[in-house]
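# Summary of structural features
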Amino acid sequence: MKAIYKRELKSYFSSVIGCIFVAASILISAIFFVLYNMMQGYPNMEPPVFYGAMGLALFVPILTMKVMADERRQKTDQLILTSPVSLFKVVLGKYLALLTIFAIPVLVMCTYPLILSIFGTVSFKLAYTTILGFVLYGAALIAIGVFISSITEMQIIAAIIGVVVMFLGFFMSTITNLISQGGNVITDILSVFDTMSPLNNIMAGQITLSNIVYYVSIIVLFLFLTCQSVQKRRWSVSKNTIGTGVFSVVTIAVVLVLVVFVNLLANVVTKNVPAATVDTTQEKIYSISDKTEKMLSKLDKDIDIYVMSSKGAMQKDVYKDYIYKTLQRYEAASSHINVEFKDTKQNPNFYKQYTEQSPTEGSLIIVNKKNKKSKVIDYQDMFVMDQQAAMYGQQSQPTAFDAEGQIDGALTYVQSDELYTIYQVEGHKETADAQALGTIENMTDIIKKHNGQIKTINLNTKKGQEELTTDKCAVLLIMGPQKDYTKSEASLVKKYLEEGGKVIAGLEAANSYAEDKPNFYSIFEAYNIKVQKGLVAENDENCYMPMQMDGSGGPLFAMAEGKEGFADGISGPVLSVYSIGLTKKDKKNEDIVYSSLAPSSNKAVLKTDPNHAKKSTKEKGDVSGPFDFVVSVEKNVAATEASSIGTDKANNKQAEMLVFSSVYSLSDSIDAMASNANTEVLSNALDKYIDTDVETVTVAKKSLQVQPLTVSNMAVRICMIVFVIALPILLLGFGIITWAVRRKK
């Protein structure tokens, strides 16, 4: 086999074909690497791999056309066929020689992520996963090409058939989609020949057992068929030919059945065993969190998840496929989860059993079989869209994926017998009321996932005073009042806390730092939190966000690492902007557990007159840090009758409070800058504050945005010269010179 391998490898480079293949493959991938990755700063490897795969569909038939056909035409195959080397080793030696040639452009492609990493953050795991898919795809095409070459002695015919077959495989998903978007028997059969979809899955960051088995089975099957094709020519026309032919047909049939069985088994294992899928995406798009898996392991009620779409349509749409793969993980994690697809064309009125309004295609309906309680998750609610693009009239693309969070919230809702109310205080020129805060959809969405609803409450009204009790209000939400409370309002909040109430507060200082709020601040002082007027400027350059093009950032945009409690294990540092100063009032007070969840550095300074400050460092009248940007407090309060809401229990009640030094930290825009770390803290607090009758799990949205690289024009030009011009020309020149020298001999 070694001799066959060396002979074949030498023949390719002496006849220019090998160099043409390598040069052309590098040229195609390099062009799109420069156009997309370098010029546009795109850090992932899909462009060069996708277009490189398209190039393989054209170039592989040219590479493989002579591997068997030429020897058959020249009758030199008889020497090999009659040699003592087994036929399998002959075919394998030739195949490995072709793989060696293919490895050269692959090795060049492997340098692309390393180059990109110079200019920013690159996910090497995802990048090399994508290249792995390219290797498997190319290896499968080469095996197909070898077989096609073995069935004819005309190289040009082998090349034409190869191009047709490989391009059909490349575009098969498009063809089946044109035949039927929902899928049918014909599309199911044709999908077997879809060689590109497994590569698309791998490029998206999904290494599944079924995809690997598919490519390996193609390689094994077509190498086997090649052996069978060549085997027929080892026998002369005689009585034995009939027997050998029958044996070959039976063997081929057995192998085909075995390949189909192995692929079906791999599909079943992939669907039902989470370990059969490796998620290489940075955000774990195709995985469910450990918290969700733990919740599902405890699930003891049968839940139906109806998908308002056909299975085929979900798989063929890029974003709907995210939902489809997520649902697979839920089914695999719990035998109580049953997913059913309802084609809206065949079942147009199915949704009317659960809702009056027709949901969007791809929406989910979660149904508890036992209590018949249901919840609709609209398709659009599972994605966060690019609002900025929509503002400029551009097509809005999803920026985040939230199917897991929405499904977990719905599972809590359909199992729970209670709906919890969170009251939001109004009447003090709250920042949210003045719309200075911007959208707070992240926060409201988290509350919904905790089976809660937000209602406003005015503490100056009789109704408000009656509603603020622990049996009616699960959590009291205070969102940046710019005016002071009255004494009676402050007393009402303190009374609520003394009964074991829970408060989540965001303070406002950007517009009201000079406003006296003694009554409002007395609420926090009663729980050992000292509020100091002014704005905190963080002067440690490692602890604030650098200035951005839009003017955001700087010392007033402080970043603080989560230290303990609700901030432990969050996705990143807390981002606190225009923050008021929080400190512990009495360090000796042991009745209240004071936790600093996100502290500033020692270089932080409280600017007591920020409008007239000349610098961010300490000036006359300023207060030296450190300060706390997020604080939680707990206090054991007098035992009273147990409440049905919250964590309160008879003889063991706790007043609890989570305080953000800036209400702006809870806005969607600031939270997005913090990779949702701010609302993760809030979500963790709600996990404790709301004691639901079923386990509640909240999962942060998974970002779909890619942080672009900053690539210099000089680097773009260098890569273009090296990979697009110099390397292909050198390889082609080497091949031509080698061929010319050989011809002269």
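Worth saying up front: this structure is predicted, and the values here are computed from it rather than measured. (Residues numbered from 1 in each chain as written. Predicted model: local features only at pLDDT ≥ 70, side-chain atom pairs only at ≥ 80, totals over all residues. Heavy atoms only, no water.)

The next subject is the overall build of the chain. When helices and strands are tallied, the chain shows 24 helices and 23 strands. Structurally, the chain occupies a C-alpha span of about 110 × 65 × 45 Å along its principal axes. Sequence separation of at least 24 residues holds for 77% of the intrachain contacts in the chain that already meet a minimum separation of 6. Averaging the locations of the 71 positively and 71 negatively charged side chains of the chain gives two centres separated by 12 Å. (Helix = DSSP H or I, 4+ residues; strand = E, 2+ residues; numbered from the N terminus. Contact = heavy atoms within 4.5 Å. Lys, Arg positive; Asp, Glu negative; His and termini not counted. Charge placed at Lys NZ, Arg CZ, Asp CG, Glu CD.)

Two elements in contact, helix H1 (residues 2-14) and helix H6 (residues 87-116), have axes whose closest approach is 8 Å; the angle formed by their N-to-C orientations is 45 degrees. Viewed along their axes, H1 and H6 adopt a mutual orientation that is oblique. Considering how the two elements wind past one another, H1 and H6 form a crossing that is right-handed. Across the interface between the two elements, Ile4, Tyr5, Arg7, Glu8, Leu9, Tyr12 and Phe13 of H1 pack against Val90, Gly93, Lys94, Leu96, Ala97, Leu98, Thr100, Ile101 and Ile104 of H6. (Axes fitted to C-alpha atoms, helices over the stretch in contact; angles between N-to-C directions. Parallel < 35°, antiparallel > 145°, perpendicular 65-115°, else oblique. Left-handed = near helix turned anticlockwise from the far one by under 90°.)

Residues Leu35, Met39, Met714, Ile718, Met720, Ile721, Val722, Ile725 and Ile729 make up a contiguous nonpolar surface patch of roughly 810 Å² in combined accessible area. The element that contributes the greatest number of residues to the nonpolar patch is helix H24 (residues 713-744), accounting for seven residues. Assignment of secondary structure puts Ile718 in helix H24. (Patch = residues over 30% accessible without salt bridge, like charges linked within 9 Å, V, L, I, M, F, W, Y side chains within 5 Å. Areas by Shrake-Rupley, 256 points an atom, 1.4 Å probe, with all protein chains shown as cover. Salt bridge = Lys/Arg side-chain N within 4 Å of Asp/Glu carboxyl O.)

Here we come to the pattern of salt bridges. Taken as a whole and judged by the stated rule, the model has 18 salt bridges. Of the charged contacts, one joins Glu340 and Lys342 as a salt bridge, the two residues approaching to 3.6 Å between their closest N and O atoms. Connected through salt bridges with shared partners, the residues Asp402, Asp445, Lys449 and Lys701 form a single ionic network.

Quick look at helix H11 (residues 209-231) now. Counted at 1.5 Å a residue, the expected span for H11 with its 23 residues is 33 Å, and the 32 Å between its end C-alpha atoms agrees. For H11, the tally of buried residues reaches 18 of 23 residues, placing the bulk of the element in the interior. (Expected span 1.5 Å × (residues − 1). Buried < 20%, exposed > 50% of the residue type's maximum accessible area, 1.4 Å probe, protein only.)

The next point concerns the sheet that holds strand E8 (residues 398-401). The strand order across the open sheet formed by three strands is E7-E8-E23, and the pairing between neighbours is antiparallel. Among the strands making up the open sheet, the edge pair consists of strand E7 (383-385) and strand E23 (702-703). As defined by bridge partners, E8 adjoins E23 across two bridges and the pair is classed as antiparallel. Note that in E23 the partner of Ala400 across the bridge is Ser703. The sheet contacts of helix H15 (residues 318-333) involve E7 and E8, and relative to E8 the element is tilted by about 5 degrees. (Pairing = 2+ DSSP bridges.)

Summarising the element assignment, Ser149 is placed in helix H7 (residues 124-150). Linking Ser149 and Thr64, residues 85 residues apart in sequence, is a C-alpha distance of 6.7 Å. Once you skip the residues sitting within four places of it in the chain, Ser149 turns out to touch Thr64, Met65, Lys66, Val67, Met68, Ala69 and Ala158.

Pro626 follows Gly625 through a cis peptide bond whose omega is 5 degrees. In this structure, Pro626 sits in the loop between strand E20 (623-624) and strand E21 (628-637). At Lys284, a residue that is not glycine, the phi angle is positive and equals roughly 55 degrees. Structurally, the position occupied by Lys284 is in the loop between strand E2 (277-279) and helix H13 (290-297).

Counting residues in hydrophobic clusters, the biggest one holds 79 residues, and the most contacted among them are Phe21, Met38, Tyr95 and Tyr137. Setting aside anything within four residues of it in sequence, one finds Met38 in contact with Phe33, Ile115, Leu116, Phe119, Val711, Ala715, Val716 and Cys719. In this structure, Leu606, Ala674, Leu682 and Ala685 belong to the second largest nonpolar core, which totals 45 residues. (Core = buried A, V, L, I, M, F, W, Y, C linked by side-chain atoms within 4.5 Å.)

Below, the discussion takes up the side chain of Thr208. If you trace the backbone, Thr208 turns up in strand E1 (residues 206-208). Classification of Thr208 as buried rests on a relative accessible area of 5%. There is a polar contact of 2.9 Å between the side chain of Thr208 and the side chain of Asn211. With residues up to four places along the chain from it excluded, the contact list for Thr208 reads Thr270, Ala276 and Thr277. (Polar contact = N/O pair within 3.5 Å; in protein donor to acceptor, adjacent residues only side chain to side chain.)

Another point: the sheet that holds E20. Strand order across the open sheet formed by three strands is E14-E19-E20, with antiparallel pairing between neighbours. Lying at the two open borders of the sheet, with one neighbouring strand each, are strand E14 (535-537) and E20. With three bridges joining them, E14 and strand E19 (residues 605-607) adopt antiparallel strand pairing. Bridging across to E19, Ala537 finds its partner in Val605.

This next bit is on the confidence of the model for the chain. Note that predicted coordinates carrying low pLDDT should not be read in detail. On average, the chain scores 87 in pLDDT, and the residues at 70 or more come to 91%. Every residue in residues 236-242 is under pLDDT 50, and counting partners more than four places away or in other chains gives two contacts. A low-confidence stretch, residues 640-650 (pLDDT under 50), is modelled with 26 contacts involving residues beyond four sequence positions or located in other chains. (pLDDT = per-residue confidence, 0-100.)

Its 22 residues give helix H2 (residues 17-38) an end-to-end C-alpha distance of 30 Å, which sits within 8% of 32 Å, the value for a rise of 1.5 Å per residue. Burial within H2 is extensive, with 16 of its 22 residues counted as buried.

All told, the structure shown has 31 aromatic pairs when counted by the stated rule. With a centroid separation of 3.8 Å and 10 degrees between ring planes, the pair formed by Phe32 and Tyr51 is classed as stacked. Placement of Phe32 in helix H2 and of Tyr51 in helix H3 (residues 46-64) is noted, with a sequence separation of 19 residues between them. Exposure remark for Tyr51: the relative accessible area of 24% places this residue in the partly exposed category. Centroid distance Phe520 to Phe524: 5.1 Å. Interplanar angle 85 degrees. Geometry classified as edge-to-face. Here Phe520 pairs with Phe524, and both are found in helix H21 (residues 518-525), just four residues apart, close to one helical turn. (Phe/Tyr/Trp six-rings, centres within 6.5 Å; stacked < 30°, edge-to-face > 60°.)

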